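Coordinate analysis (summary)
Spelled out, the chains give:
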Amino acid sequence: MKGFDAEFTDLDHYIRVITERIWEGRRIDDIRRYYSDDCAVETPSSVSIGVQPVIAGTRATLLAFPDRRLLAEDVIASGDDVSGYLSSHRIFSPMTHAGPGVFGAASGKAVCARTIADCVCIDNRIVHEWLVRDQAAIARQIGLHERDLAQRWLNECGGFRKAAMPAAPAPYVSCIDTKAVAANYANAHRQVWAGTALGSTHDDAVIAALPCGEARVGLAALNAFWLELRSAFPNGDFSVEHLVANERADKPSTAVAMRWRLRATHQGAGRYGAATGRAVEILGIQHAEIEQGNVVREWVLIDDVAVWMQVLEVQT
């Protein structure tokens, strides 16, 4: 890869190695080596600019969860030397809530949660990142409802305040894969927000990992999740920001990564309580494994705590 250290054989190798060094090896100072000085990082509830917030966030996470591990489940890659690279990195983290932090005083509870990080990588550094973690899964496992954690965070920070994410730097060009397997996957989810249930794109026995640490088996159960989400936001504006399919010679499945954004008004009762009329933006990242044209496994990452913060926000 042009501009990357010779030790890295490809983007998958680069992401796995630097993640292991920073997190598993606790080499936090390596963040300055592998993140650009002006890197931008967006989560569902915040945007930060610069390498120092990345270091501070890493230290705070390790204070609260000192044994946290980052176990790589997959890296779905796109890009090249000309347009820049993007890695969509799915991580499973077992950990113990053993220290103070944003989740409150240490509970001593063993927890686990998934994260997906989309990272633009240019010249051996991460220069832009979108990161979605299942904060609600952590909350539930330490004995909190995500709604109550959201209210606590609103009280602590004085409301939901999120800056705009700057555009990714040159030469990176966002990937919207036009291969049929990727396009069909994205179109199926566009139709979900238009009111049509998932159908022929998904296997009847699909296994899905969903927000709040939930897992559902079967197409009917997965459609029930999307129905309760869409019922809360029936007239949302859904847009796909990143889409790529990776064919793997050593596996029977094609891996698809999709990052999307929904801008909507909370107009329906259900998942997030009674309709409030609040404006909400949801940043989501999904991974899927597709075999013989059907999704057989899927991972849907949204941050329900961030959604609740927007639903509960007092408008002035």
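Residues numbered from 1 in each chain as written. Predicted model: local features only at pLDDT ≥ 70, side-chain atom pairs only at ≥ 80, totals over all residues. Heavy atoms only, no water.

**Things to note about the environment of Ser88**
On the secondary structure map, Ser88 appears in strand β4 (residues 84-96). On the basis of relative accessible area, Ser88 is assigned to the buried category, the value being 0%. In the structure, Ser88 is positioned 169 residues away from Ala257 in sequence and 6.7 Å away in space, judged by C-alpha atoms. Of the polar contacts made by the side chain of Ser88, one reaches the side chain of Asp118; its length is 2.6 Å. (Helix = DSSP H or I, 4+ residues; strand = E, 2+ residues; numbered from the N terminus. Buried < 20%, exposed > 50% of the residue type's maximum accessible area, 1.4 Å probe, protein only. Polar contact = N/O pair within 3.5 Å; in protein donor to acceptor, adjacent residues only side chain to side chain.)

**Quick notes on the state of the cysteines**
In this structure the tally under the stated criterion is zero disulfides. With no disulfide of its own, Cys112 lies closest to Cys212 among cysteine sulfurs, the gap being 13 Å. Judged by its relative accessible area of 29%, Cys112 is partly exposed. Looking at the unpaired Cys157, the closest cysteine sulfur is the one in Cys212, lying at 20 Å. Judged by its relative accessible area of 45%, Cys157 is partly exposed. (Disulfide = S-S within 2.5 Å.)

**Considerations on the nonpolar core**
Counting 56 residues, the largest nonpolar core has Trp226, Phe233, Met258, Trp260, Leu262, Tyr272 and Ile282 as the members making the most contacts within it. Counting residues in each nonpolar core, the second largest holds 28 residues, with Tyr34, Tyr35, Val75 and Cys121 among its members. (Core = buried A, V, L, I, M, F, W, Y, C linked by side-chain atoms within 4.5 Å.)

**So, the pattern of salt bridges**
Scanning all chains against the criterion turns up 28 salt bridges. In this structure, the salt-bridge partner of Glu73 is Arg114, at a minimum N-O distance of 2.8 Å. Residue Glu73 is located in strand β3 (residues 71-80), and its partner Arg114 is located in strand β5 (residues 110-122); the two are separated by 41 residues in the primary sequence. For Glu73, a relative accessible area of 28% puts it in the partly exposed group. The shortest N-O distance in the salt bridge between Arg147 and Asp148 comes to 3.7 Å. Overlapping salt bridges, with partners in common, bring together Glu42, Asp118, Lys162, Glu241, Arg259, Arg261, Arg263 and Glu281 in one network. (Salt bridge = Lys/Arg side-chain N within 4 Å of Asp/Glu carboxyl O.)

**Description of the pairing of strand β7 (residues 202-210)**
Summarising the sheet, β7 and strand β12 (residues 294-301) pair through four bridges and their orientation is parallel. Bridge assignment links Ile207 to a residue of β12, and that residue is Arg297. Note: β7 against strand β8 (residues 214-217), four bridges, orientation antiparallel. Along β8, the bridge assignment pairs Ile207 with Val217. Counted along the chain from β7 to the antiparallel partner β8, the turn is three residues long, and its residue Cys212 has a positive phi close to 70 degrees. (Pairing = 2+ DSSP bridges.)

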